[in-house]
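Here's the letter readout for the chains.
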Amino acid sequence: MLELRKVTKSYGRGWPFSQKITPVKEVSFSVYPQKTTGLVGKSGCGKSTLARCITGLQPIDSGHILYQDVSLNRLSFRDWLPYRRKIQMVFQHPDTALNPKKKILESLKEPFRLHRILPEREAVQKIRESLAFFGLTEDILFRYPHQVSGGQIQRVALLRALSLQPELLVLDEPTSMLDVSVQAQMIQLLQKIQQEFSLSMLFISHDIHLIKAISDQVLIMKEGRILEQGSTESIFSNPIHPETKKIADSLRVGLF
Ligand SMILES: Nc1ncnc2c1ncn2[C@@H]1O[C@H](COP(=O)(O)OP(=O)(O)OP(=O)(O)O)[C@@H](O)[C@H]1O
């Protein structure tokens, strides 16, 4: 459903952008319907940049981002809009996911209004009905983001993203700021969401254990390139690239 072909993205650095860094270098891979693709790599290898390119938050330099055979990066801002609804993103930092000045209910109503999905009263009703599925209670709606825990904020961010009924969810380190026990609850919720909503997910993390637990397919990224990709089973039991072998071995002996 999503295919990247030789996607490259660079940033200018210094003044006046005289140096160039290229965090994403000719990246190609596919994400399949109703499957979870895990993208794993060390901090700074270009994962978040790639996520922002896929969701249209940043333009790419070259290559193609194809969604159901439509080349998204060739679309105008207006033509990309329907795809923004189909491809939703949940960010790493719970505190930046929602507007700190707005009560949570306001942030949850926003996508309904922006995408003209439902009139306000019905939107609020729908939000109320959805809370229990996400492990939330009504009182959270009338609080500000700083008044709730990181785990609750990520649940709210998921509810918000899913209210647009996306087909693909891009999750950029959604659990990295959470305690281990809260992380486990989030993973359970994500698995429940995938079954309930028949979603495809691109799950980005530097945590190989999480990636192994949640993914059907794994991509190993290093210094802007995808070193190896394959089914979770083949990546961990029969790795080809020396770097992937190291990761698989360290997992086996419990070093990772
Ligand atoms: N807007 C930007 N302008 C300039 N350089 C950037 C920008 N965003 C990211 N970078 C640089 O690009 C490289 C890749 O960053 P990116 O955030 O994509 O990596 P990452 O793998 O997601 O890391 P982390 O897991 O720590 O978030 C880093 O060297 C980073 O400093």
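As recorded in an unreviewed UniProt entry, the protein chain goes by the name Peptide/nickel transport system ATP-binding protein, listed as coming from Tindallia magadiensis. In UniProt, the protein chain has this text filed under Sequence similarities (unreviewed entry): "Belongs to the ABC transporter superfamily."

Side note on the environment of Gly-224
Residue position: Gly-224 is located in the loop between β9 (217-222) and β10 (225-231). Each C-alpha atom of the pair Gly-224 and Pro-23 lies 4.8 Å from the other, and the pair is 201 residues apart in sequence. In contact with Gly-224, other than residues within four places in its own chain, are Pro-23, Val-24, Lys-25, Val-27 and Cys-45.

Side note on the packing of helix α4 (residues 104-114) against helix α6 (residues 150-162)
At a closest axis distance of 9 Å, the pairing of α4 and α6 adopts a crossing angle of 25 degrees. Taken together, the axes of α4 and α6 are roughly parallel relative to one another. Crossing angle aside, the handedness with which α4 passes α6 is right-handed. Listed contacts from α6 to Ile-104, Ser-107, Leu-108, Glu-110 and Pro-111 of α4 are Ile-153, Val-156, Leu-159 and Arg-160. A breakdown of the residues in the contact of α4 with α6 according to their chemical character gives six nonpolar, one polar and two charged.

A few points about α6
The terminal C-alpha atoms of α6 lie 18 Å apart, and with 13 residues this matches the ideal 18 Å at 1.5 Å per residue to within 8%. Within the sequence span of α6, burial applies to Gly-151, Ile-153, Gln-154, Arg-155, Val-156, Ala-157, Leu-158, Leu-159, Ala-161 and Leu-162.

Details of the packing of α6 against helix α7 (residues 180-197)
Between α6 and α7, the least distance of the axes is 10 Å, while the angle of their chain directions is 15 degrees. For the element pair α6 / α7, the angle class is roughly parallel. Where α6 crosses over α7, the two elements pack in a sense that is right-handed. On the side of α6, the interface is formed by Gly-151, Gln-154, Arg-155, Leu-158 and Leu-162, while α7 contributes Val-182, Gln-185, Met-186, Leu-189, Leu-190, Ile-193 and Phe-197. Of the residues assigned to the contact of α6 with α7, the class counts are eight nonpolar, three polar and one charged.

Re the pairing of strand β4 (residues 62-67)
Inspection of the sheet shows strand β1 (residues 2-13) paired to β4 by five bridges, in the antiparallel sense. Bridge pairing links Thr-8 to Ser-62 in β4. The pairing of β4 with strand β5 (residues 70-71) spans two bridges and is antiparallel. Of the residues in β5, the one forming a bridge with Leu-66 is Ser-71. Taking the residues that link successive antiparallel strands as the turn, the β4-β5 hairpin has two residues, and the phi of Gln-68 there is positive, at about 45 degrees.

So, the environment of Ile-240
Position of Ile-240 relative to the elements: it lies in the loop between α9 (232-237) and α10 (242-252). Here the alpha-carbon distance between Ile-240 and Glu-228, two residues 12 residues apart in the chain, equals 7.6 Å. Setting aside residues no more than four positions away along its own chain, Ile-240 makes contact with Glu-228 and Lys-245.

Considering helix α5 (residues 120-130)
For the α-helix, the turn length of 3.6 residues means that residues three or four positions removed from each other point alike. Regarding α5, the residues found buried are Ala-123, Val-124 and Ile-127. Relative to the axis of α5, the buried residues are bounded by an arc of 100 degrees and lie together on one face. Structural note: α5 exposes Arg-121 and Glu-129 on the side pointing more than 90 degrees away from its buried face. Looking at the packing, one finds that the buried side of α5 touches α4.

Section: the sheet that holds β4
Here four strands make up an open sheet; going across it, the order is β2-β1-β4-β5 and the pairing antiparallel. Two strands close off the open sheet at either side, each with one partner strand: β2 (19-31) and β5. Packing against the sheet, helix α1 (residues 47-54) makes contact with β1, β2 and β4, and its axis sits at approximately 115 degrees to β1.

Some thoughts on the side chain of Thr-8
Position of Thr-8 relative to the elements: it lies in strand β1. Thr-8 gets classed as buried once you look at its relative accessible area, which sits at 14%. A polar side-chain atom of Thr-8 sits 3.0 Å from the main-chain amide nitrogen of Glu-26. Not counting residues within four places of it along the chain, the set of residues in contact with Thr-8 comprises Thr-22, Val-24, Lys-25, Glu-26, Ile-60, Asp-61 and Ser-62.

A look at the site of the ligand
Taken together, 14 residues form the shell around the ligand, and within it Ser-43, Gly-44, Lys-47, Ser-48 and Thr-49 come nearest. One of the backbone N or O atoms of Gly-44 is found 2.8 Å from an oxygen atom in the ligand. Separating an oxygen atom of the ligand from a side-chain N or O atom of Lys-47 is a distance of 2.9 Å. Coverage of the ligand by the protein chains reaches 66% of its 630 Å² of free accessible surface. Taken together, the elements giving at least two residues each to the shell around the ligand come down to β1, β2 and α1.

Quick notes on the rules
Starting from 1, residues in each chain are numbered consecutively following that chain's sequence as written. Residues qualify for local features only when their pLDDT is at least 70, as the model is predicted, and side-chain atom pairs are given and counted only at 80 or more; totals for whole chains, interfaces and linings, by contrast, use all residues. For the side-chain quantities, the full set of heavy atoms in the structure was used; hydrogens and water were omitted. UniProt positions are given in the numbering used here, feature names are shortened, and annotations may be inferred rather than shown by experiment. Counting from the N terminus, the helices are the DSSP runs of H or I reaching at least four residues and the strands are the DSSP runs of E reaching at least two. Residue contacts follow a heavy-atom distance rule, with two residues in contact if any of their heavy atoms lie within 4.5 Å. Only the stretch in contact is used when a helix axis is fitted, and all axes are lines through C-alpha atoms; the angle between N-to-C directions ranges over 0 to 180 degrees. Note on terminology: angles under 35 degrees are roughly parallel, angles over 145 are roughly antiparallel, angles of 65 to 115 are roughly perpendicular, and the others are oblique. Handedness of each helix crossing follows the sense of rotation of the near helix against the far helix: counterclockwise by less than a right angle gives left-handed, clockwise gives right-handed. Classes in brief: Ala, Val, Leu, Ile, Met, Phe, Trp, Tyr, Cys and Pro nonpolar; Asp, Glu, Lys and Arg charged; the others, Gly included, polar. To estimate the expected span of a helix, subtract one from its residue number and multiply by 1.5 Å. The buried label applies to any residue whose accessible area, calculated with a 1.4 Å probe on protein chains only, is under 20% of its type's maximum; exposed applies above 50%, and partly exposed to all values in between. If DSSP finds at least two bridges between two strands, the strands pair. Read the arc as the range of directions from the helix axis to the C-beta atoms. In protein, a polar contact requires one atom able to donate a hydrogen and another able to accept it; more generally it is a pair of N or O atoms within 3.5 Å, and residues adjacent in sequence count only if both atoms are side-chain atoms. It suffices for a single heavy atom of a residue to lie within 4 Å of a molecule or strand for the residue to be listed as near it. Here the accessible surface of atoms and residues is derived via Shrake-Rupley with a 1.4 Å probe, and residues count as covered only by protein chains that are part of the display.

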